[in-house]
Amino acid sequence: MEEYKNNAPQLQEDDEFQIDWAGILTKILKHWKQILIIGFVFGVMGIFSALSMKRMYSVQLTLAPEIQGRGSSSLSSMASMLGLGGINMGSTTDAMNITLFPEICKSTPFLVGLLDVPLESYVSDKQKEAGVEPKLTTVYKHFTREDQEKSAFAKWMEAHKKQAEKPYTGVENPTELTRKQAGVVKGLAKVITCEVDKKTGVTTIGVTLDDRLMVKQLADTVCNRLQVYVSDYRTKKAKADYDYYCMLANEAKEEYKKAQAAYAQSVDYDRSVILQ
């Protein structure tokens, strides 16, 4: 045991891993032709792949939150003095808040509403001088590449399909999408981003597409649709509250009329009709 303990440190020092740089360099020099050929082939493939890929353009829009007025607290105190403490007078408690914006932008009904948005392709000044006109398309056609010229192989495949696909006429029910429509919605969800800063309340909407003009149009549409979505929700909520308060006022008016009639009948009964 003593001999094993004394030799243990020496064995650990001898077993340390050392890199044999000379051996590695020798192997590289031995197979330098194969390494050069493989590197050249993959380099050409990388250059070809980079040149064949489309450029992607990104646009970001910023939405600033609305600042609540200072008069809401005084209105709430006045309402409580009038016996209307249960009525919401400008309070910020709302089911629809900015933290839900990312979920709204990723929701299927919101994305389905963007499929029919018209888009126009970008045409440079030189192309306009050459007589090139911009392509008018929609989000659905652009993501399914129906607005691009099809190759001979693609045309042959469509001609020999057993069952022809029905042309796109819009989405009637967002819960019943075809496989192609669901793929477009999934792809649309990947190119649209929405981030909310919880401290400042600033919302940043980003869109990425392969056309510099289409990406601006789609980003502007997403921003407008989000604002309309929130406005419609709050308008419907305010209308529902208005209808509810009108119902309460009508019921109180009917009760007041009944009480007034009962009071008049009681007065007439006690003091006779002539005196009244």
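Right above here is the structure, for reference.
Everything numeric here is computed off the predicted structure, so don't read it as measured data.

1. Considering the overall build of the protein chain
1) Next: Scanning the protein chain for helices and strands turns up eleven helices and five strands.
2) Next: Within the span of the protein chain, comprising 276 residues, buried residues form 18% of the whole.
3) Next: Sequence-distant contacts in the protein chain: of pairs separated by 6 or more residues, those separated by 24 or more amount to 67%.
4) Next: Of the accessible surface of the protein chain, which amounts to about 22300 Å², a share of 58% is contributed by carbon and sulfur atoms.

2. A short note on the nonpolar core
1) Next: The biggest cluster of nonpolar side chains holds 32 residues, and the ones touching the most others in it are Phe 110, Leu 111, Leu 114, Leu 188, Ile 192 and Leu 226.
2) Next: When residues of this core are traced back to their parent elements, those giving at least two are strand S1 (57–63), helix H5 (101–106), helix H6 (108–112), helix H8 (139–143), helix H10 (179–191), strand S4 (192–196), strand S5 (203–209) and helix H11 (212–275).
3) Next: Examining the composition of this core, we find that eight residues originate from one element, H11, more than from any other.
4) Next: In this view, Ile 192 contacts Lys 106, Leu 111, Leu 114, Gly 206, Val 207 and Val 222; residues no more than four positions away in its chain are not counted.

3. Some thoughts on the environment of Arg 212
1) Next: With respect to the helices and strands, Arg 212 occurs in helix H11.
2) Next: Classification of Arg 212 as partly exposed rests on a relative accessible area of 35%.
3) Next: As a C-alpha pair, Arg 212 and Ser 121 span 91 residues in sequence and 8.0 Å in three-dimensional space.
4) Next: Excluding anything up to four places from it in sequence, Arg 212 contacts Tyr 57 and Tyr 122.

4. Here we look at unusual backbone geometry
1) Next: Its identity is not glycine, yet Arg 145 carries a phi of approximately 60°, on the positive side.
2) Next: Mapped onto the fold, Arg 145 is located in the loop between H8 and helix H9 (152–159).

5. Some points on the side chain of Ser 121
1) Next: Along the chain, Ser 121 falls in the loop between strand S2 (118–120) and helix H7 (125–129).
2) Next: Here Lys 135 takes part through its backbone nitrogen, which lies 2.7 Å from a polar atom of the side chain of Ser 121.
3) Next: When sequence neighbours within four positions are dropped, the list of residues in contact with Ser 121 reads Pro 134, Lys 135, Asp 211, Leu 213 and Met 214.

Cut-off values and rules
- Each chain has its residues counted from 1, running along the sequence as written.
- For a predicted model such as this one, the threshold for reporting local features is a pLDDT of at least 70, and the threshold for listing and counting side-chain atom pairs is 80 or more; totals across whole chains, interfaces and linings nevertheless cover every residue.
- The basis for every side-chain value is the complete set of heavy atoms in the structure, and neither hydrogens nor water enter the calculation.
- Secondary structure elements are taken from DSSP: a helix is a run of H or I of four residues or more, a strand is a run of E of two residues or more, and numbering for both begins at the N terminus.
- Relative accessibility under 20% of the residue-type maximum defines a buried residue, over 50% an exposed one, and the middle range a partly exposed one, all with a 1.4 Å probe and only protein chains included.
- By definition, residues are in contact when any of their heavy atoms lie within 4.5 Å.
- For the accessible areas, the method is Shrake-Rupley and the probe is 1.4 Å, while residue cover comes only from the protein chains on display.
- In this text, buried Ala, Val, Leu, Ile, Met, Phe, Trp, Tyr and Cys residues form a nonpolar core when linked through side-chain atoms within 4.5 Å.
- Here a polar contact is recorded for every N or O atom pair within 3.5 Å, except that within protein the pair must consist of a potential hydrogen donor and a potential acceptor, and residues adjacent in sequence are included only if both atoms are side-chain atoms.

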